[in-house]
Amino acid sequence: MTQTSDGSSPSSDLHNDTDAASGGLGRRKFLGYVMAGSTLVVAADITAGRPARAAVPSDPQIPEAYDLEDLQTDSALPTSQLITVTITKEGRAKFALPRTEVGQGIITSTAMILAEELDLPFDKVDVTLAPARPELLLNQLTGGSNTTFSTYTPIRVAAAIARGRLIEAAAILFGTTADRLTTTGGVVSDALGNQATYGQLASAAASQVVEAVEVVLRPKEDFKVIGRPRNRTDARAAVTGQKDFTTDLQVPGAKPTMVCRAPEHGGTPKRLNNRAKILRMPGVTHVAQVPTGIAVRANTFGQCIDAIREMDVTWNNGPVHGWSDATVLNKLRKGELPLVVPDVPVLAQTINTNFAFAFRSSAALETYSAIADVRPDKATIWAGLKVPILAQQRVAEAIGMSQDKVKVNVITGGGSFGHKLFGDHAIEAARISKAMKVPVKLMWHRADEPRQGRLHPMATSRIRATVLNGQVLSFEQRHTSVTTDFSHGLGEMITSQADELDPLGIGGFGFAETIFTLTQELPYNFGLVTQLLNEPLEFEDKFSTGSMRNIYSPDTCVAAELTIDQIANKLGKDPVAFRLSMLKNERVKAALRKVAEEGSWGRKMTPGTAQGVAIHKEYKGCTAVLVEIDTRPQTVNRDLGKETVTGPRVTKVVIAVDAGLVINPRGLEAQMQGGAMDGIALTLTSSCHLKDGRFLEASWDNYFYTRQWNVPPKVEIHIVKSDSDTPGGAGEAAVGSTAAAVACAYARATKRLPTFFPINHGEISFKPKSFVPPVPQSPTNGLKLAR
Amino acid sequence: MPKQTFILNGKPVTVSVNDDVRLLWVLRDLLGVTGPKYGCGINVCKACTSHINGKAFNPCATRVGDLKPKDRVTTIEGLAKTTPGDLHPMQQAWIDRDVVQCGYCQPGQIMQAVALVKRVRREGRDIRDSDLDSIRNICRCGTYVRIREAIEQGARKMR
Ligand code: FES
Ligand code: FES
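Everything quoted here is computed from the prediction, not taken from an experiment. (Residues numbered from 1 in each chain as written. Chains lettered and ligands numbered in written order. Predicted model: local features only at pLDDT ≥ 70, side-chain atom pairs only at ≥ 80, totals over all residues. Heavy atoms only, no water.)

Peer 1: Before we move on, can you summarise the pattern of salt bridges with the specific residues and values?
Peer 2: Throughout the structure, instances matching the rule amount to 44 salt bridges over all chains. For the salt bridge of Asp-485 of chain A with Arg-454 of chain A, the shortest nitrogen-to-oxygen distance reads 2.8 Å. Placement of Asp-485 of chain A in the loop between strand S23 (471-481) and helix H12 (490-501) and of Arg-454 of chain A in the loop between helix H11 (448-452) and strand S21 (455-456) is noted, with a sequence separation of 31 residues between them. When its relative accessible area of 9% is taken as the criterion, Arg-454 of chain A is described as buried. For Arg-478 of chain A, the salt bridge identified is with Glu-476 of chain A, shortest N-O distance 3.4 Å. Its relative accessible area of 2% is what places Arg-478 of chain A among the buried residues. When salt bridges with common partners are traced through the structure, they connect Arg-649 of chain A together with Asp-129, Asp-133 and Arg-148 of chain B into a single cluster. (Salt bridge = Lys/Arg side-chain N within 4 Å of Asp/Glu carboxyl O. Helix = DSSP H or I, 4+ residues; strand = E, 2+ residues; numbered from the N terminus. Buried < 20%, exposed > 50% of the residue type's maximum accessible area, 1.4 Å probe, protein only.)

Peer 1: Residue-level account of the layout of surface pockets, with values.
Peer 2: As a volume, the largest pocket reaches approximately 1100 Å³. Lining the largest pocket are 43 residues; nearest its centre among them are Asp-424, Arg-454, Asp-485, Phe-543 and Ser-544 of chain A. Counting residues per element, the ones that place at least two in the lining of the largest pocket are helix H9 (388-399), helix H10 (424-436) and helix H13 (511-519) of chain A. Here the lining of the largest pocket gets 5 residues from one element, more than from any other, and that element is H9 of chain A. Tallied by class, the residues present in the lining of the largest pocket amount to 16 nonpolar, 14 polar and 13 charged. Roughly 830 Å³ of internal volume is contained in the second largest pocket. Lining the second largest pocket are 32 residues, with Asp-701 and Leu-785 of chain A together with Asn-43, Lys-46 and Arg-136 of chain B sitting closest to its centre. (1 Å grid on protein atoms, 1.4 Å probe; cavity = no way out; pocket = protein on both sides within 12 Å on 5 of 7 lines; lining within 4 Å. Points joined across faces, edges and corners; volume = space filled by probe spheres on them. Nonpolar A, V, L, I, M, F, W, Y, C, P; charged D, E, K, R; others polar.)

Peer 1: Explain helix H7 (residues 301-310) of chain A to me, and be specific about the residues and the numbers.
Peer 2: Note: α-helices contain 3.6 residues per turn, so residues at a spacing of three or four share the same orientation. Counting buried residues along H7 of chain A, 7 of its 10 residues qualify, which places the element largely inside the surrounding structure. Buried within H7 of chain A we find Phe-301, Gly-302, Gln-303, Cys-304, Ile-305, Ala-307 and Ile-308 of chain A. Looking at the buried residues of H7 of chain A, the elements they touch are strand S10 (255-260), helix H6 (275-279), strand S12 (284-290), strand S13 (293-298) and strand S20 (440-443) of chain A together with helix H1 (23-30) of chain B. (Contact = heavy atoms within 4.5 Å.)

Peer 1: How would you explain helix H4 (residues 106-122) of chain B if you had to name every residue and give the values?
Peer 2: Residues and elements named next belong to chain B. Along its 17 residues, H4 runs 24 Å from first to last C-alpha, staying within 8% of the 24 Å computed at 1.5 Å per residue. Counting buried positions along H4 yields 14 of 17 residues, so the element is predominantly enclosed. Once H4 ends, the next one or two residues include Gly-124, with phi positive near 70°. (Expected span 1.5 Å × (residues − 1).)

Peer 1: Give a detailed account of the interface of chain A and chain B, specifying residues and quantitative values.
Peer 2: With 81 residues of chain A at the contact, the number on the chain B side is 68 residues. For the chain A and chain B pair, buried surface summed over both sides reaches about 6200 Å², with 56% attributable to carbon and sulfur atoms. Sorting the residues of chain A by area buried against chain B places Leu-365, Gln-708 and Arg-787 of chain A first, and these three jointly supply 14% of that buried surface. Our enumeration of links across chain A and chain B arrives at 7 salt bridges. Across the pair Asp-86 of chain B and Arg-236 of chain A runs a salt bridge whose closest N-O atoms are separated by 2.9 Å. At the boundary of chain A with chain B, the tally comes to 35 residue pairs in polar contact (both at pLDDT 80 or more). Ranked by residues supplied to the side of chain A that touches chain B, first place goes to helix H18 (residues 665-684) of chain A with 8 residues. Of the residues that constitute the side of chain A that touches chain B, the class distribution is 30 nonpolar, 30 polar and 21 charged. (Buried area = accessible area lost by both parts, 1.4 Å probe. Polar contact = N/O pair within 3.5 Å; in protein donor to acceptor, adjacent residues only side chain to side chain.)

Peer 1: Any details on the packing of H4 of chain B against helix H6 (residues 144-157) of chain B? Residues and values, ideally.
Peer 2: Residues and elements named next belong to chain B. Running from N to C, H4 and H6 cross one another at 45°; their axes reach a closest spacing of 10 Å. Of the possible angle classes, the one that applies to H4 and H6 is oblique. Note that H4 runs across H6; the crossing there is right-handed. Here H4 contributes Gln-106, Gln-109, Ala-113, Val-117 and Arg-121 to the contact with H6, which in turn contributes Ile-147, Ile-151 and Ala-155. Of the residues belonging to the contact of H4 with H6, the class tally is 5 nonpolar, 2 polar and 1 charged. (Axes fitted to C-alpha atoms, helices over the stretch in contact; angles between N-to-C directions. Parallel < 35°, antiparallel > 145°, perpendicular 65-115°, else oblique. Left-handed = near helix turned anticlockwise from the far one by under 90°.)

Peer 1: Report on the sheet that holds strand S8 (residues 195-197) of chain A, specifying residues and quantitative values.
Peer 2: All names here are of chain A. Ordered in space as S6-S7-S8, the 3 strands form an open sheet in which the pairing is antiparallel. The sheet is open, and its two edges are formed by strand S6 (182-184) and S8, each paired on a single side. Between one strand axis and the next, the sheet turns by 25° as a mean value, whatever way the strands run. Of the strand pairs in this sheet, strand S7 (residues 187-189) and S8 are connected by 3 bridges, and their pairing is antiparallel. When the sheet's bridge partners are listed, Ser-189 is paired in S8 with Gln-195. (Pairing = 2+ DSSP bridges.)

Peer 1: An account of a positive patch on the surface is requested, with residue identities and associated values reported.
Peer 2: Residues and elements named next belong to chain B. A cluster of like positive charges, contributed by Lys-55, Arg-72, Lys-118 and Arg-122, occupies part of the molecular surface. Structurally, Lys-55 is set in strand S4 (residues 55-57). Classification of Lys-55 by relative accessible area gives partly exposed; the value is 35%. (Patch = residues over 30% accessible without salt bridge, like charges linked within 9 Å, V, L, I, M, F, W, Y side chains within 5 Å. Areas by Shrake-Rupley, 256 points an atom, 1.4 Å probe, with all protein chains shown as cover. Lys, Arg positive; Asp, Glu negative; His and termini not counted. Charge placed at Lys NZ, Arg CZ, Asp CG, Glu CD.)

Peer 1: Can you break down the side chain of Gln-101 of chain B residue by residue, with the values?
Peer 2: Counting through the fold element by element, Gln-101 of chain B comes out in the loop between helix H3 (89-96) and H4. By relative accessible area, which is 4% here, Gln-101 of chain B ends up buried. At 3.0 Å, the side chain of Gln-101 of chain B and the backbone oxygen of Ala-670 of chain A are in polar contact.

The following block contains the structure:
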């Protein structure tokens, strides 16, 4: 196994760009505050440091100047809210991050930013997750990989003010002036040997009143922490079993609770016919009907499962009663927006492609879980939530309480991939607790996730390109999708931004179209480029959907990059050379050159194996991916036992990423590796099958996310030097480009253009689990299988 | 209600619960030992992987009544105590390779890794790529690459 990372050795030139670079934070002054308190508390506006918006771009494609991250950060502007850093008398820095950690490593990178600007040892920085802060509005949304980008400057401003105040306090103490003092490792000292720790200075540096202060941020040539690889802060807790997730919390009286759900997607309960019998079952304490099913609370989750399996429930059909994959696909095809025949010379050749993408489950390994304690006059929630404010609002609505009576505690989540953007679990738990009048610890069964949980919508992507004399004259892409649910707040952000967006010429679109327009960017010189989304109205309120480690991009990227290979082929050009000649962005070209070189592009491959390459530009950064795939029968048909989907194996992945200013190269590398595993699954194995209104999948042996036997033996991540002054997003950046590179390699290896993804969706390689009862019983042969 | 007795992380425990309740719930819901995670309840995801008498097994697929008083159950919480030092070499390898993302699967991954190394040692050989390929534990964050590196490092230190 090879693992390389250009960024894993400290490299000062990683950030040696000029002030003129994007963001231009240079020697600009920022305003912050010293708050009144008995110890030093400093604050900065969470919107500090956003550069003034560029003028209306002349380029027809919007994302180059203004992408989803700008939208998310800009929607913060009107609220002007403060984040605070506290220096305790023990000399520690405390900061509650208004975001959610679901595995992306933002707690670690945030602590690094604080340590850098404070000159405090990394292990003296405590970053926790803030509970829902309604006043922050949508500044408390973790999505679109935007965390580091939007919090980087405000956190630095607060930290720089704190350091300045501590120096001033020390100057008074030592009887000297601030310019003669230096800070290292949480200690202020002068040349004479006087020293004071931040802890000793914290009270003296405190203020009686709120004071506004101006600061200049540390130049990045001086960075000692940012840009250096750093391990996760919570690693030790995680590997010793001490890291607590929602269901690990011990909240008094919150007993295990599960829900018996309808066989059909979105189906609802009419009534439970054997309530008395269920209440008599061992361990069962309460049963209650809620809009999503029949809830049962018991001493153990096992007894909840037993109870669910005994329930006799009359169900209402779901909103997609009778529909199957083919029904949805037909409706999508009918809803495709027409391709406008471009006005091209008659001799131009046309390349037409048409791809479809199955439903996919956005479930994490931790199933939806939430603890709720709803009392007559107040409610408390504990859950992994990416938009806690919205969850608080919805919970309040659901239980008929005012929002200020609902306290929402944000718990580190066991993965998210989009589904924790929604508060489904918190709302359901609150409803159950209210109905049962006791605290509950709600956990979804694994089977509930693909069947009733959030799905990445089924979609088609149709492309027509025209070429003449080696040039691409037009490239039209029509993406048609089952409605994507944006009710988690992204939609509201857009509403609040409508005025600002209009000058950019995308007014008049719905939420989904706006997001699509803001996230899609095809950085090629392809003449007339149009990429349009349509989400036909007939899918409104039919499926429970959401984004899944990216919204539309993985699918549109697969479609576009496969088509680009077709064009190159038609023109008799090499896929890498063709892309390099057509790319208009130097950063993307640099990344592509890097993977071509490191991955030995063009090396001779045996029949049935092939290389593939793809690029993706989004979130103020870009990735290029080169993969090698093995589609030979001996590999595809490897027999690794029952319920083990093998299929083609990706044998090598080489990723080059330009993610702007890199806070933590080790974390970035991890995000790239994880994104690559998602990309492989999207193209080769993972999907949900809809049949007669029901989703068949109910287990990880049905829903084939990448497993060890699918993992490429070689994965290399190269971090490309960036000129950028600000951090870009990372969590999702490698998904689309890996999915596309795998698809391109597969097409080359099999000499057949795949048109439906994942490629194995056509065969159902498992026996669907029962729908009534909706959850499988746990096996009993565990001891026999011990090895 | 029947009394269930077994050895948990080095200490005998007794719980009153029906025989057919799976051990995972006894550990998590009744004893508050939450290192083993729930990810499926049907012995597929392997998030609950723990050790019985030194071998990997899945408490979600084991009736508590099937345990004997002498059976030694080790969860991630008790792993460090099975070797000298304050962490098991496999846990240290996990930290060194910075494997963890969300962390939910990792207790199970580490318990699986330790048992795998012990098993191939019993077979008188070293870990092969095919052994790593056969690990069924899901990691939905996709940390597989670093898991493989960490197992190789941990195995070298597990002498
Ligand atoms: S919970 Fe035990 S294997 Fe999944
Ligand atoms: S680290 Fe998140 S599931 Fe493995």
